[in-house]
Every structure is written in C-alpha cells, then in structure tokens.
Amino acid sequence: MSDNSLKRVSVIDSHTGGEPTRVVIDGGPDLGNGPLGERRELFSREFDSFRSAVVNEPRGSDAVVGALLCESYDETCAAGVIFFNNVGCINMCVHGTIGLVVTLAHMQRIAAGEHRIETPVGIVTATLHASGGVTVANVPSYRGQTGVEVEVDGYGRIVGDVAWGGNWFFLVENHGQELELKNVERLTDCTWRIRQALERDGIVGNDGMEIDHIELFSPSPREDCDSRNFVLCPGKAYDRSPCGTGTSAKLACLYADGKLTEGETWQQESIVGSVFEGRVQIVGDEIIPHVTGSAFVNSEATLLLDSRDPFEMGIRG
C-alpha cells in the first residue's frame, strides 16, 4: 500500500456528559482566514465530504459532533471552531465548546482561566476551572414564540415554545411521554414527528431559520435536579448530554416566564443522567446563559482516508 493513497487527519475525542466531540486538530481543509461565518459556509459548500468522513460511519457514529479547530479571525480569541454533525454544520454547540476547551487544555494550549472562543454565530466566553469543569457564557438567547400548537401524527395536539439558544428549539412540556432511557426509540419517534409537523406547517425561527432541535422536558426524579430533558438533534440522534444550546433556550424561556431570576441556578439532567448547571446573566436587554459541565478526553487518533476505500468519505444517507 502506497502512502500516496492515504490522507491523515489528527483528532482528539472527548465526551461531555456522555455526548462525544471529535476535534480535528490537523489535516482539515484550508478555509483561509476570513470571518468564521464565511469559513463555515465554505466548509459546508465545498468540503461536506470531509465532514462526512470525520463523523459518519465507519469512523464515527450519528452521535458524534465534529469540531474543526481554526485560527480565530478575532485576535482576542484563543481559538475558532466550526461545529458539524452527521448531516451538516451546526450553528453553535455548547457541549462541543466544553469539549474543545478541555481538549485545548489537554494540548497545553490554554490553562485554567477565561478564554474567548470564536464560533460562526458569535464569540462565546469559556472559563476553564481548576477543577476541570468548564462554564460557557453562550450567545444571547431568547424565546421567539410561545404556545405554538401543532398537530403531530400519532401523538395529537402538541403545544410548545420556539426559542433560540445558539440553535432553534421547539420546547415541549406537556408531551405525555416518560423521559427514561429505556424509551429512547419512542421518544425519538415522537420528537422526529414533531419536527416533521413543524416543517409541514411552516413553523420556523426568526429569519425563516429551520427549527432543527426538539426538546421534551419534565421534572427530574432526582432531588438535586430541576428538570430532565430529551433532545433530538438535526440528524435524528438524541443528545446524551443535557444539551447546552437546549439548556440555554430553556433558561431563556424560564426567565421570560418569571420562573428564574438572574444568577439563580438551574440543574438540567439529560436522558442518560448527566447534569449541566445553568444560570442567566442580564446584559442590557439580552439574556446571556451560563452553562457549566465537564468533559473528558478519551482518545487521540489519526484517521486514515484511503482513496481506494469506497467508504473513504463515510456512509452518507
């Protein structure tokens, strides 16, 4: 086998509350040095096969979120990042940002303290604590619509809120489902049908953006948690973590309803039992969610892309 048939891509894998993040540290495409939003569009338009190769089977899985490590456009930032999953690019990913920060520390590129991270939807601040935990001050979040009704095939009338937490969410409290890991197949079916119903009825976020995340929530049976959620991500995989952008959207709704005050802690449990701690900071008219969680590096690897391999660029649906 000739080395000419191989392309090497260096990655570091971690998980945040059970949800995997794969950071590409070397071997990614050259996207230039323009603003992150422009580079994200270039990546999506011209290098989608690379995205698939990194996160899709046979090297990845539907749950893996990729993070392309970039030089930041803003010189005040420690790094830039473009997030992607099994079907395309993601606007923002808080669990991925936590994983990225822990990965940068693992690489000895940063130490404990506050760091600015540039994403395609804005700059976020991430604090690496001495304990190893990370707090992300996310992009401003807000509720766009409340009490939105949709008729869902097989599940009847569902009412929810549309909110932005770095991605667009439809959040549902009265869903009639038991949020237990053993029910993942039914929960996936329910949330996927909700998403299809939103698309059918033309229900979108601001500027016509697709609502591509569905979040069911209910009280947690744990005394140390305020809520348990189930979040379906764009590629039909469920979030193993409590979902950082989903927690941000939830915090914005709670604040809008007067159920959460500035600085008050909200403990959000995931369907697998991991927990994010959330609170809101009010800056002018904006709600800035702060989400704290932990990530753990679990692999350093070199992906081999073999030009002779019929699945070199992953299995794509």
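Anyway, here's the lowdown on the structure attached to this text. (Residues numbered from 1 in each chain as written. Predicted model: local features only at pLDDT ≥ 70, side-chain atom pairs only at ≥ 80, totals over all residues. Heavy atoms only, no water.)

Along its length, the chain carries 5 helices and 17 strands. By the compact-globule yardstick of 20 Å for 317 residues, the chain fits well, its C-alpha radius of gyration being 19 Å. Each principal axis of the C-alpha atoms in the chain carries an extent, and together these give about 60 × 45 × 35 Å. Scored against the burial criterion, the 317 residues of the chain give a buried share of 55%. Put simply, of all contacts in the chain between residues at least 6 apart along the chain, 62% involve residues at least 24 apart. Split by element, the accessible area of the chain, about 13,700 Å² in all, is 44% carbon and sulfur. (Helix = DSSP H or I, 4+ residues; strand = E, 2+ residues; numbered from the N terminus. Rg over C-alpha atoms; globule rule 2.2 N^0.38 Å. Buried < 20%, exposed > 50% of the residue type's maximum accessible area, 1.4 Å probe, protein only. Contact = heavy atoms within 4.5 Å. Areas by Shrake-Rupley, 256 points an atom, 1.4 Å probe, with all protein chains shown as cover.)

Further remarks concern the side chain of Thr-119. For Thr-119, the position within the fold is in strand β6 (residues 113-119). On the basis of relative accessible area, Thr-119 is assigned to the buried category, the value being 3%. Looking at Thr-119, its side chain comes within polar contact range of the main-chain oxygen of Gly-122, at 2.7 Å. Every residue in contact with Thr-119, bar those within four places of it in the chain, is listed here: Leu-36, Val-81, Met-92 and Val-124. (Polar contact = N/O pair within 3.5 Å; in protein donor to acceptor, adjacent residues only side chain to side chain.)

Right, let's talk about the nonpolar core for a bit. Membership of the largest hydrophobic core comes to 52 residues, with the highest contact counts inside it found for Phe-83, Ile-117, Val-134, Phe-170, Ile-194 and Phe-230. Counting 18 residues, the second largest nonpolar core, distinct from the first, contains Leu-42, Phe-43, Phe-50 and Phe-84. (Core = buried A, V, L, I, M, F, W, Y, C linked by side-chain atoms within 4.5 Å.)

A few words now on the environment of Ala-295. In this structure, Ala-295 sits in strand β17 (residues 295-306). The residues touching Ala-295, leaving out its near neighbours within four places in the chain, are His-15, Thr-16, Ile-98, Gly-99 and Val-102.

A separate point is the pairing of strand β4 (residues 79-84). A large share of β4 lies buried, amounting to 6 of its 6 residues. The alternating pattern of β4 places Ala-79, Val-81 and Phe-83 on one face and Gly-80, Ile-82 and Phe-84 on the opposite face, and all of these are buried. Here 5 bridges tie strand β3 (residues 65-70) to β4, and the two strands are oriented antiparallel to one another. Bridge pairing in β4 places Cys-70 opposite Gly-80. Sheet topology note: the β4/β6 ladder contains 2 bridges and is parallel. When the bridges of β6 are listed, Gly-80 appears paired with Glu-118. Bridge count for β4 against strand β5 (residues 89-90) is 2 bridges, and the pairing is antiparallel. Of the residues in β5, the one forming a bridge with Phe-83 is Ile-90. (Pairing = 2+ DSSP bridges.)

Under the 1.5 Å per step criterion, the end-to-end length of helix α3 (residues 94-106) is 18 Å for 13 residues, consistent within 8% with the ideal 18 Å. The buried count for α3 comes to 11 of 13 residues, which makes it a mostly enclosed element. Once α3 ends, the next one or two residues include Gln-108, with phi positive near 65°. (Expected span 1.5 Å × (residues − 1).)

The next point concerns the pattern of salt bridges. The full count for this structure, using the stated rule, is 18 salt bridges. Residue Arg-116 is joined to Asp-74 by a salt bridge in which the shortest nitrogen-to-oxygen separation is 3.7 Å. Here Arg-116 is found in strand β6, whereas its partner Asp-74 is found in the loop between β3 and β4, with 42 residues between them in sequence. A residue is classified by how much of its surface remains accessible, and Asp-74, at 24% relative accessible area, is partly exposed. Among the ionic pairs, Asp-257 bridges to Arg-143, the shortest N-O distance being 2.9 Å. With Asp-257 in the loop between α5 (244-256) and β14 (266-269) and Arg-143 in strand β9 (residues 142-152), this residue pair connects regions lying 114 residues apart in the sequence. Owing to a relative accessible area of 40%, Asp-257 belongs among the partly exposed residues under this scheme. Its relative accessible area of 22% is what places Arg-143 among the partly exposed residues. In this structure, a network of salt bridges that share partners links the residues Glu-180, Arg-222, Asp-224, Arg-228 and Glu-269. (Salt bridge = Lys/Arg side-chain N within 4 Å of Asp/Glu carboxyl O.)

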